[in-house]
Amino acid sequence: QRELVESGGGSVQPGGSLRLSCAASGFPFTYYTMRWFRRTPENARELVAAVGSGGGRDTTYGDSVKGRFTISRDNAKRTVYLQMNNLKPEDTAVYYCYASSADTSPIWGRGIQVTVSS
């Protein structure tokens, strides 16, 4: 069974930080591009960040999170991370981990809530 399980969400005040984790199982994690999407309270789906199979500087970010969020991966731990700093109320959303490759259908996590409010 191919599976992604998110953790690390919760509630935080504006300006605070959270670190999301996504643990992968049931597929060859090393070959997959990993992404984080989010679904806003207005039901919009936004790409947050992506990291290629090689990790490192092979990353992309949505315009609204550039300079604040960092995506990374640890292939040995089969885990992708999203470090979120200087959080804003507009970052409130359900965050989804997503795995894709050229040869198979993509995999979605179940999602995890992040709430930023005073």
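The paragraphs below set out a description of the structure included in this document. Just so you know, these numbers come straight off a predicted model, no measurement behind them.

Take the state of the cysteines next. Per the counting criterion, the structure on display carries one disulfide. With a sulfur-sulfur separation of 2.1 Å, cysteine 22 is cross-linked through a disulfide to cysteine 97. Handedness here is read from the sign of the S-S torsion; for cysteine 22 and cysteine 97, about -90 degrees, the answer is left-handed. Of the two residues, cysteine 22 sits in strand 3 (residues 18-25) while cysteine 97 sits in strand 9 (residues 93-100), which places them 75 residues apart along the sequence.

The next point concerns the pattern of salt bridges. A full pass over the atoms with the stated rule returns five salt bridges. Here glutamate 46 ties to arginine 38 by a salt bridge, and the two come within 2.8 Å at their closest N and O atoms. Owing to a relative accessible area of 3%, arginine 38 belongs among the buried residues under this scheme. Measuring nitrogen to oxygen at the nearest pair gives 3.1 Å for the salt bridge that ties aspartate 63 to lysine 66. Within this structure, Arg38, Glu46, Arg68 and Asp91 form a network of salt bridges that share partners.

All right, on to the sheet that holds strand 3 then. Reading across the sheet, the four strands line up as 1-3-8-7 and stay open at both edges, with antiparallel pairing between neighbours. Each edge of the sheet is formed by a strand with only one pairing partner; in this case those strands are strand 1 (3-7) and strand 7 (69-74). Within this sheet the neighbouring strands show an average axis-to-axis angle of 15 degrees, counted without direction. Two elements, strand 3 and strand 8 (residues 79-84), share six bridges in a ladder whose sense is antiparallel. The residue bridging leucine 18 from the neighbouring strand is methionine 84, located in strand 8.

Burial of strand 7 is one-sided: the residues Phe69, Ile71 and Arg73 facing one way are buried, the residues Thr70, Ser72 and Asp74 facing the other way are not. Inspection of the sheet shows strand 7 paired to strand 8 by six bridges, in the antiparallel sense. Bridge assignment links isoleucine 71 to a residue of strand 8, and that residue is leucine 82. Counting the residues between successive antiparallel strands, the hairpin from strand 7 to strand 8 contains four residues, one of them, arginine 78, with a positive phi of roughly 55 degrees.

Here is what the cut-offs are and how they apply
Residues numbered from 1 in each chain as written. Predicted model: local features only at pLDDT ≥ 70, side-chain atom pairs only at ≥ 80, totals over all residues. Heavy atoms only, no water. Disulfide = S-S within 2.5 Å. Helix = DSSP H or I, 4+ residues; strand = E, 2+ residues; numbered from the N terminus. Salt bridge = Lys/Arg side-chain N within 4 Å of Asp/Glu carboxyl O. Buried < 20%, exposed > 50% of the residue type's maximum accessible area, 1.4 Å probe, protein only. Pairing = 2+ DSSP bridges. Axes fitted to C-alpha atoms, helices over the stretch in contact; angles between N-to-C directions.

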